[in-house]
Amino acid sequence: MAPGYEPTGIEKLDSALGGGFPQGGVSLIVGPTGIGKTILALQWLAEGARRGENVVYISTTVPVKRVREYYENMPFLSDVVSKIRWYDMTPEPRELIPFTMEKQKKLFHKVMPDIVDEELNMKVQVHRGVIDSITTLEKIIGDKAMFRYVASRLIRYFEEMGISVMLIEEAGNGNSEYGGEMRNFSEATIVMDYIESKNMYMRAMKIVKRYAVNHPTYWMPFHISEEGISL
Ligand SMILES: Nc1ncnc2c1ncn2[C@@H]1O[C@H](COP(=O)(O)OP(=O)(O)OP(=O)(O)O)[C@@H](O)[C@H]1O
Ligand SMILES: [Mg+2]
């Protein structure tokens, strides 16, 4: 079977991605604060919800209630805001280190009790999931090797459950290395950043990788408005 894809509804981006983000795979969005990562992720979830998919947004930073309040009146989201499942995931270090199977079960059931049972079985098939952001988990864990292990376990779980997952990563200021620890896990990586053009800075995104797709590699300028991101 040809690998499927999960569109964002942003036509130019979907076409550059060969249809959308990989279905049942891992995507990574990397960028500095305020660039538009959360909006892109929510647009992707909203598109899934509009297609009748079950979609999940997990916040590891801002309380998810606040996230919802920030964006719910934007027209790109308002029609499906109640169809998205919103969760907080703010573990303490001891809930992640060492990351045993018991701890994984406890964490997932605690975060999403209505869809994950105590044995990690899904009560509802979830199609798309966003973790905003993976950087927080990296900071909680503190150790690179340990973080890579936790991340690989989470990713394997999502893959086994057939969920298309989007991870969001905070790019440090002046950090030229995009997508630090996570870039090797992803099948699609998009970098969002400010690029200089005619002495002005504008928002742009670049597809760094998308397996099995002959994608453009140049910066694609984009705008944010009430309607979300447009290219
Ligand atoms: N209605 C709007 N019109 C134009 N721009 C907007 C609008 N709403 C939000 N923005 C822009 O979107 C930005 C926030 O986007 P978003 O929350 O997706 O960023 P982010 O990359 O997730 O940032 P963070 O790292 O802080 O979570 C704001 O800084 C603002 O510039
Ligand atoms: Mg954000």
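These figures come from a predicted structure and were not determined experimentally.

*Asks:* How would you explain the pairing of strand β4 (residues 55-59) if you had to name every residue and give the values?
*Replies:* Taking burial as the measure, the 5 residues of β4 include 5 buried ones, the bulk of the element. Of the pairings in the sheet, the one linking β4 to strand β6 (residues 128-132) comprises 5 bridges and is parallel in character. Each bridged residue has a counterpart across the sheet, and for Tyr57 the counterpart in β6 is Val130.

*Asks:* Account for the nonpolar core, with residues named and values stated.
*Replies:* Within the largest apolar cluster, 38 residues are counted, with the highest numbers of intra-cluster contacts made by Tyr57, Leu77, Trp86, Ile190 and Met192. Considering every element that reaches this core, the biggest residue donor is helix α2 (residues 37-50), with 8 residues. In this view, Leu77 contacts Leu42, Ala46, Arg50, Tyr71, Glu72, Ile84 and Trp86; residues no more than four positions away in its chain are not counted. Core analysis: the next-biggest nonpolar cluster, separate from the first, contains 34 residues, Met89, Leu137, Phe147 and Ala151 among them.

*Asks:* Residue-level account of unusual backbone geometry, with values.
*Replies:* Here the bond from Ile97 into Pro98 is cis, since omega is -15°, no more than 30 degrees from zero. When you line up the elements, Pro98 lands in the loop between α5 (93-96) and α6 (101-111). Residue Ser133 follows Asp132 across a cis peptide bond; omega there is 5°. By the element assignment, Ser133 lies in the loop between β6 and α7 (134-141). At Asn199, a residue that is not glycine, the phi angle is positive and equals roughly 60°. With respect to the helices, strands and loops of the structure, Asn199 is situated in the loop between β8 (188-197) and β9 (200-210).

*Asks:* Which residues make up the site of ligand 1, and what values do they have?
*Replies:* Looking at ligand 1, there are 15 residues lining it, with Thr33, Gly34, Lys37, Thr38 and Tyr71 nearest. At a separation of 3.2 Å, a nitrogen atom of ligand 1 approaches a polar side-chain atom of Glu226. Protein burial of ligand 1: of its 650 Å² of free accessible surface, 65% is covered by the chains. When contributions to the shell around ligand 1 are tallied by element, the ones reaching two or more residues are α2 and β11 (223-225). Of all the elements, α2 adds the most residues to the shell around ligand 1, at 3 residues. In terms of residue class, the shell around ligand 1 is made up of 6 nonpolar, 5 polar and 4 charged.

*Asks:* Break down the pairing of strand β3 (residues 26-31) for me, with residues and values.
*Replies:* In terms of burial, β3 is largely enclosed, as 6 of its 6 residues are buried. Here β3 shows no split at all, with Val26, Leu28 and Val30 on one side and Ser27, Ile29 and Gly31 on the other all buried. As judged from the 4 bridges shared by β3 and β8, these two strands associate in the parallel manner. Bridging across to β8, Val30 finds its partner in Val191.

*Asks:* If you had to explain the sheet that holds β4 to someone new, which residues and values would you point to?
*Replies:* The 8 strands lie next to each other as β5-β4-β6-β7-β3-β8-β9-β10, forming an open sheet whose pairing is mixed. Strands with a single pairing partner mark the edges of an open sheet, and in this sheet they are β5 (84-88) and β10 (220-221). Across 10 bridges, β8 lies against β9 in antiparallel orientation. Residue pairing across strands places Ile190 opposite Ile207, the latter belonging to β9. Here α2 sits on the sheet in contact with β3, β4, β5, β6, β7 (164-170) and β8, set at roughly 165° to β6.

*Asks:* I'd love a proper account of the pattern of salt bridges, names of residues and values included.
*Replies:* Side chains that differ in charge, positive against negative, can pair when their charged atoms come close. The tally for this structure, following the rule as stated, stands at 14 salt bridges. Note that Arg128 is salt-bridged to Glu6, the shortest N-O span being 3.2 Å. With Arg128 in strand β6 and Glu6 in strand β1 (residues 5-6), this residue pair connects regions lying 122 residues apart in the sequence. With respect to burial, Arg128 and Glu6 carry one shared label: buried. Glu69 is the partner of Arg66 in a salt bridge, and the nearest nitrogen-oxygen pair spans 3.5 Å. Of the two residues, Arg66 and Glu69 are both situated in helix α3 (residues 64-71); the distance of 3 residues between them amounts to about one turn of the helix. Residue Arg66 is classed as partly exposed on the basis of its relative accessible area, which comes to 40%. On the accessibility criterion, Glu69 (36% relative accessible area) is partly exposed. The structure contains a network of salt bridges with shared partners spanning Glu47, Arg50, Arg51 and Asp79.

Cut-off values and rules
Residues numbered from 1 in each chain as written. Chains lettered and ligands numbered in written order. Predicted model: local features only at pLDDT ≥ 70, side-chain atom pairs only at ≥ 80, totals over all residues. Heavy atoms only, no water. Buried < 20%, exposed > 50% of the residue type's maximum accessible area, 1.4 Å probe, protein only. Helix = DSSP H or I, 4+ residues; strand = E, 2+ residues; numbered from the N terminus. Pairing = 2+ DSSP bridges. Core = buried A, V, L, I, M, F, W, Y, C linked by side-chain atoms within 4.5 Å. Contact = heavy atoms within 4.5 Å. Near = heavy atom within 4 Å. Polar contact = N/O pair within 3.5 Å; in protein donor to acceptor, adjacent residues only side chain to side chain. Areas by Shrake-Rupley, 256 points an atom, 1.4 Å probe, with all protein chains shown as cover. Nonpolar A, V, L, I, M, F, W, Y, C, P; charged D, E, K, R; others polar. Axes fitted to C-alpha atoms, helices over the stretch in contact; angles between N-to-C directions. Salt bridge = Lys/Arg side-chain N within 4 Å of Asp/Glu carboxyl O.

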